[in-house]
Amino acid sequence: QVQLVESGGGSVQAGGSMRLSCTASGGTIRMFGISAVYMAWFRQAPGKEREGVASIDRDGTTTYADSVKGRMTISRNNANNNLYLQLDSLKPEDTAMYFCAADPTKRTPPLLPGYRVWGQGTQVTVSS
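Residues numbered from 1 in each chain as written. Predicted model: local features only at pLDDT ≥ 70, side-chain atom pairs only at ≥ 80, totals over all residues. Heavy atoms only, no water.

A. Fine view of the nonpolar core. With 31 residues, the main nonpolar core has Met39, Trp41, Leu83, Leu85 and Tyr98 as its most contacted residues. Elements with a minimum of two residues in this core: strand E3 (18-25), strand E4 (38-44), strand E5 (51-56), strand E7 (72-77), strand E8 (82-87), strand E9 (96-103) and strand E11 (122-127). Once residues within four sequence positions are removed from consideration, Tyr98 is found in contact with Glu6, Leu20, Trp41, Phe42, Arg43, Val53, Met72, Leu85, Leu87, Gly121, Thr122 and Val124. (Core = buried A, V, L, I, M, F, W, Y, C linked by side-chain atoms within 4.5 Å. Buried < 20%, exposed > 50% of the residue type's maximum accessible area, 1.4 Å probe, protein only. Helix = DSSP H or I, 4+ residues; strand = E, 2+ residues; numbered from the N terminus. Contact = heavy atoms within 4.5 Å.)

Structure (structure tokens):
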């Protein structure tokens, strides 16, 4: 019943920035808001496994993959139930389909792909 819809992807030159959005609705989100679930951003490039990028717990605690630490920031807006990923200093190796995910149960560790609900993804392409 929970639905996640990503937006904001596109093409950017290396060193540039983008902001991805994930609008959450329905189910637990409708009843209790986005802060009532655990959320994360994942990415997957063609021929590669899906990897966790960043997560945010119900209490606001964040976790980042080493490859993006210092360059990407996960945040949420509890008023409109949106999850965001700010991408800065982008590199060609950041090129991938980016997915948001949600789960009412805490994931340990938080960057493994065991989340119950997933969005359809938004493509990010970084050129040299």
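B. Local environment of the sheet that holds E8. One open sheet accounts for four strands, arranged E1-E3-E8-E7; its pairing is antiparallel. Only two strands of the sheet have a single neighbouring strand rather than two, namely strand E1 (3-7) and E7. If you compare each strand with its neighbour and ignore which way they point, the axes differ by 20 degrees on average. One ladder, built from six bridges, connects E7 with E8; its direction is antiparallel. By the bridge assignment for E8, Thr73 is matched with Gln86. (Pairing = 2+ DSSP bridges. Axes fitted to C-alpha atoms, helices over the stretch in contact; angles between N-to-C directions.)

C. Focus on the pairing of E9. Of all the eight residues making up E9, seven are buried; the element is thus mostly covered by neighbouring parts of the structure. Summarising the sheet, E4 and E9 pair through seven bridges and their orientation is antiparallel. By the bridge assignment, Arg43 is partnered in E9 with Tyr98. Both E9 and E11 contribute to a ladder of three bridges, which runs antiparallel. Considered in E11, the bridge of Tyr98 is made with Thr122. With two bridges connecting them, E9 and strand E10 (residues 117-118) associate as antiparallel partners. Considered in E10, the bridge of Ala102 is made with Val117.

D. Examining the pairing of E1 more closely. Of the two faces of E1, the one holding Leu4 and Glu6 is buried and the one holding Gln3, Val5 and Ser7 is not buried anywhere. Of the pairings in the sheet, the one linking E1 to E3 comprises five bridges and is antiparallel in character. Paired with Val5 across the two strands is Thr23, which belongs to E3.

E. A look at the pattern of salt bridges. Counting across every chain of the model gives six salt bridges. One salt bridge connects Arg71 with Asp94, and the closest N-O pair in it is separated by 2.7 Å. Residue Arg71 is found in the loop between strand E6 (62-64) and E7, and its partner Asp94 is found in the loop between E8 and E9; the two are separated by 23 residues along the sequence. When its relative accessible area of 11% is taken as the criterion, Arg71 is described as buried. For Asp94, a relative accessible area of 1% corresponds to the buried category. (Salt bridge = Lys/Arg side-chain N within 4 Å of Asp/Glu carboxyl O.)

F. Seen up close, unusual backbone geometry. Residue Thr108 is joined to Pro109 through a cis peptide bond whose omega torsion reads -5 degrees. Within the secondary structure, Pro109 sits in the loop between E9 and E10. Look at Asn81: it is not a glycine, yet its phi comes out positive at around 60 degrees. By the secondary structure assignment, Asn81 is in the loop between E7 and E8. Owing to a relative accessible area of 16%, Asn81 belongs among the buried residues under this scheme. You will see that Ser89, though not glycine, has its phi angle at about 50 degrees, which is positive. Here Ser89 shows up in the loop between E8 and E9.

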